[in-house]
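# Residue-level structural notes
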Amino acid sequence: MKKLFCGLMAAAAITGASAQTAPAPADSVEGYVFTDVKIIPGTSVKDQNKSGTCWCFSSLSFFENELLRKTGKEMDLSEMFVVRHCYDDKADKYVRMYGALNFGQGGSPLDAPYVWENYGIVPEEVYRGLNYGEDKHSHYEMADLLTGYVNTVVRKPNKKSISTAWREGFNGILDSYLGKLPETFVYEGKTYTPQSFAKSLPINLNDYVALTSFTHHPFYKPFVLEVADNWLGGQYYNIPLDEFKATVDYALDNGYSVLWAADVSEGGFNWNDGHATMPKGKSEADMDGTELARWVKLSDRERENEKYKAKGPVEEITVTPEMRQDWFDRQETTDDHGMVIVGKAVDQKGNRYYKVKNSWDTNQKYDGYFYVSEPYFLAKTIDIYLNKEGVPKDVLKKLSLK
C-alpha cells in the first residue's frame, strides 16, 4: 500500500507536474488505496486461531502497547494465563447462579484487567497454554468439555446438592489442556510470582477507563453494559457519540492506542481486502434505465448485497445516536470481536479511517491489520478501553474522573 503511494509520488517528482505525467484521478483507481496518517508503535500481530479469545488477545496487545510506550521495550504477555483464570472464575459464578449466566469462550475488555489485578500476569514464554498436541490454539474440544461439565454440575445429578469435587474436576480439564498455572518462574534472571511480576510492570490499572455510547442510560454515568460476554458485570462510562469519537481521535493524536470491541458481522466488514465500511447503497434516482430494470428484479437480500460490491470508496451512511441505539436494541449490532485501534489513515478520496490491529494472524492483505471507516466505527462499536491520559480533559471532568 505505501509502496504504491510512494511510487506514484516519486514518479511525479522525477518527471514533473505536466498533464502527461500527473497521477491518475482518484475516481479512476480501482480498489482502496490507504495512506497511514498516524501510527502508534505496537507489538507483533498474534494469532488466536481456533479459539474464541479475541477479548484476551486484544486486551493484552493493548497492554503490550502501553508497556512499549512507557518503557520502549517489547513484551509478549500470556493470553492463556488470563483465559485459564477467567474460565475458573466464570465456572464458579455460573454454578453459583444456577446456570443463569453466559458460559463460553467469549469475554470482555475488562476481563484481562480483572485477572491482572487479582492474579497477576506472566510472560508468554512462561505459560503458552498449548498442552494438547497443537502448535496453535484450538479450543473447540476443551470448550465443549468445560461447558458440558458445568451444565452437569448445575443439574445436580444426585438431586439434592452439588458435590464437593466438582471444582477439582473442572480444574483437571483446564490443567490437562492449558497446563498447570505457575506459582513461581524465572524471567530475565529474576524469580517472580505472577503477582510480583505484575507489580514489576509500570501498569496502574486505575489509570484506565472503559467507555461506551448509548442513549438508554444517562450520559456521564457508569452502567453495566448489557452484552452476554460481560459475565463480570463490568461497568462502562456512557458519553455522547460525538465525544466518544473525539476521545478516540484525541487518544491517537497523543500517542495512545485504544482497545476496541465491535460488531464484525456486517456485510461491509471485508477482512481479506482489509477494510470495513458502511456503504450508503444505490438510490433508484441515480440509476439509468438498464440498471433500474435489473435492480427491480433483485430480491431484498440481493439488493442488500449489491451495496457491498463496490470496487473502491463509495458514499457511506451518516450515523446518528438514534440509529446506533436502534441497531443495538434490535440486536443488529452485536458484541462480536475485540481488536486494537492503532492509528489513522485516509483513502484515495480523502475519506478517514482508523487502522486496526487484529488477532487473526498475518496471512491477509495488510499483514493482520485493516482499515475501519469512521461511519463503521460510529455505527458498530460496542465499547472502548484506554488510558485516561488519552481522554480529553473536558470529558474526564464531566465523568468526575482524574
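Just above, that's the structure.
Everything numeric here is computed off the predicted structure, so don't read it as measured data.

### Details of the overall build of the chain
Regarding its fold elements, the chain presents 13 helices and 13 strands. Taken across its 402 residues, the chain has 50% of its residues classed as buried. The long-range fraction of contacts in the chain, counting pairs at least 24 apart against all pairs at least 6 apart in sequence, stands at 77%. Put simply, the chain shows about 19,700 Å² of open surface, and 50% of that area lies on carbon and sulfur atoms.

### Things to note about the pattern of salt bridges
Evaluation of the coordinates by the stated rule reveals 21 salt bridges. Between Arg96 and Asp92 there is a salt bridge, with its nearest N and O atoms 2.8 Å apart. Of this pair, Arg96 and Asp92 both sit in helix H3 (residues 79-96), separated by four residues, roughly a single helical turn. Given the relative accessible area of 57%, Arg96 is considered exposed. Take Asp92: its relative accessible area is 21%, and that puts it in the partly exposed class. Asp361 serves as the salt-bridge partner of Lys136, at 3.1 Å between the closest nitrogen and oxygen. Highlighted residues: Lys136 in the loop between helix H4 (111-119) and helix H5 (140-155) and Asp361 in the loop between strand E11 (352-357) and strand E12 (369-373), separated in sequence by 225 residues. Using a relative accessible area of 40% as the deciding quantity, one classes Lys136 as partly exposed.

### Remarks on H3
Between the first and last C-alpha of H3 there are 26 Å, a value that for 18 residues agrees with the 26 Å anticipated at 1.5 Å per step. Where H3 starts, the residue carrying a side-chain oxygen 3.1 Å from the main-chain nitrogen of Phe81 turns out to be Ser78. The positive-phi residue at the C-terminal boundary of H3 is Tyr98, with phi of around 60 degrees.

### Re empty space enclosed by the protein
The tally for this structure, following the rule as stated, stands at two cavities of 30 Å³ or more. Taken as a whole, the largest cavity encloses approximately 80 Å³ of empty space. What lines the largest cavity is a set of 13 residues, among which Phe57, Ser61, Lys357, Asn358 and Ser359 lie closest to the centre. Here the element with the most residues in the lining of the largest cavity is helix H2 (residues 54-71); it accounts for four residues. A per-class count over the lining of the largest cavity returns three nonpolar, six polar and four charged. Roughly 40 Å³ of volume is contained in the second largest cavity. Forming the walls of the second largest cavity are Ser213, Phe214, Thr215, Phe219, Pro240, Leu241, Pro321, Arg324 and Gln325. Here the element with the most residues in the lining of the second largest cavity is helix H11 (residues 321-329); it accounts for three residues. Taken together, the residues that form the lining of the second largest cavity break down as five nonpolar, three polar and one charged.

### A few points about the pairing of E11
Among the six residues in E11, five count as buried, and that is most of the element. Bridge count between strand E10 (residues 337-346) and E11: six bridges; the pairing is antiparallel. By the bridge assignment, Val340 is partnered in E11 with Lys357. Counted between consecutive antiparallel strands, the loop separating E10 from E11 contains five residues, among which Gly350 sits at a positive phi close to 90 degrees. Where E11 and E12 come together, five bridges link them in antiparallel fashion. Paired with Lys355 across the bridge in E12 is Tyr371.

### Considerations on the packing of aromatic side chains
Overall, the coordinates contain 35 aromatic pairs when judged by the stated rule. Ring centres 6.3 Å apart and planes at 80 degrees place the aromatic pair Phe269 and Trp360 in the edge-to-face group. Taken together, the positions of Phe269 in strand E8 (residues 269-270) and Trp360 in the loop between E11 and E12 put the pair 91 residues apart, joining distant regions of the chain. Here the aromatic rings of Tyr354 and Phe377 are separated by 5.2 Å at their centres, their planes lie at 65 degrees, and the arrangement is edge-to-face. Of this pair, Tyr354 sits in strand E11 while Phe377 sits in helix H12 (residues 374-380), and the two are 23 residues apart along the sequence. The residues Tyr354 and Phe377 share a single accessibility class, namely buried.

### Some points on the side chain of Lys90
Structurally, the position occupied by Lys90 is in helix H3. In this structure Lys90 is buried but unpaired, with Asp111 as the nearest side chain of opposite charge at 5.4 Å. What Lys90 contacts, discounting residues up to four positions off in sequence, is Leu101, Asn102, Phe103, Gly104, Gly106 and Trp231.

### So, a negative patch on the surface
Judged by side-chain charge, Glu134, Asp135, Glu141 and Asp144 come together as a negatively charged surface patch. When you line up the elements, Asp135 lands in the loop between H4 and H5. Take Asp135: its relative accessible area is 72%, and that puts it in the exposed class.

### Regarding the layout of surface pockets
Roughly 440 Å³ of internal volume is contained in the largest pocket. Along the walls of the largest pocket sit 21 residues, with Pro113, Trp116, Glu117, Leu205 and Asn206 positioned nearest its centre. Those elements giving two or more residues to the lining of the largest pocket turn out to be H4 and helix H7 (194-200). A per-element tally of the lining of the largest pocket places H4 first, with six residues. Across the lining of the largest pocket, the residue classes tally to 11 nonpolar, seven polar and three charged.

What counts and what doesn't
- Residues numbered from 1 in each chain as written.
- Predicted model: local features only at pLDDT ≥ 70, side-chain atom pairs only at ≥ 80, totals over all residues.
- Heavy atoms only, no water.
- Helix = DSSP H or I, 4+ residues; strand = E, 2+ residues; numbered from the N terminus.
- Buried < 20%, exposed > 50% of the residue type's maximum accessible area, 1.4 Å probe, protein only.
- Contact = heavy atoms within 4.5 Å.
- Areas by Shrake-Rupley, 256 points an atom, 1.4 Å probe, with all protein chains shown as cover.
- Salt bridge = Lys/Arg side-chain N within 4 Å of Asp/Glu carboxyl O.
- Expected span 1.5 Å × (residues − 1).
- Polar contact = N/O pair within 3.5 Å; in protein donor to acceptor, adjacent residues only side chain to side chain.
- 1 Å grid on protein atoms, 1.4 Å probe; cavity = no way out; pocket = protein on both sides within 12 Å on 5 of 7 lines; lining within 4 Å.
- Points joined across faces, edges and corners; volume = space filled by probe spheres on them.
- Nonpolar A, V, L, I, M, F, W, Y, C, P; charged D, E, K, R; others polar.
- Pairing = 2+ DSSP bridges.
- Phe/Tyr/Trp six-rings, centres within 6.5 Å; stacked < 30°, edge-to-face > 60°.
- Lys, Arg positive; Asp, Glu negative; His and termini not counted.
- Patch = residues over 30% accessible without salt bridge, like charges linked within 9 Å, V, L, I, M, F, W, Y side chains within 5 Å.
- Charge placed at Lys NZ, Arg CZ, Asp CG, Glu CD.

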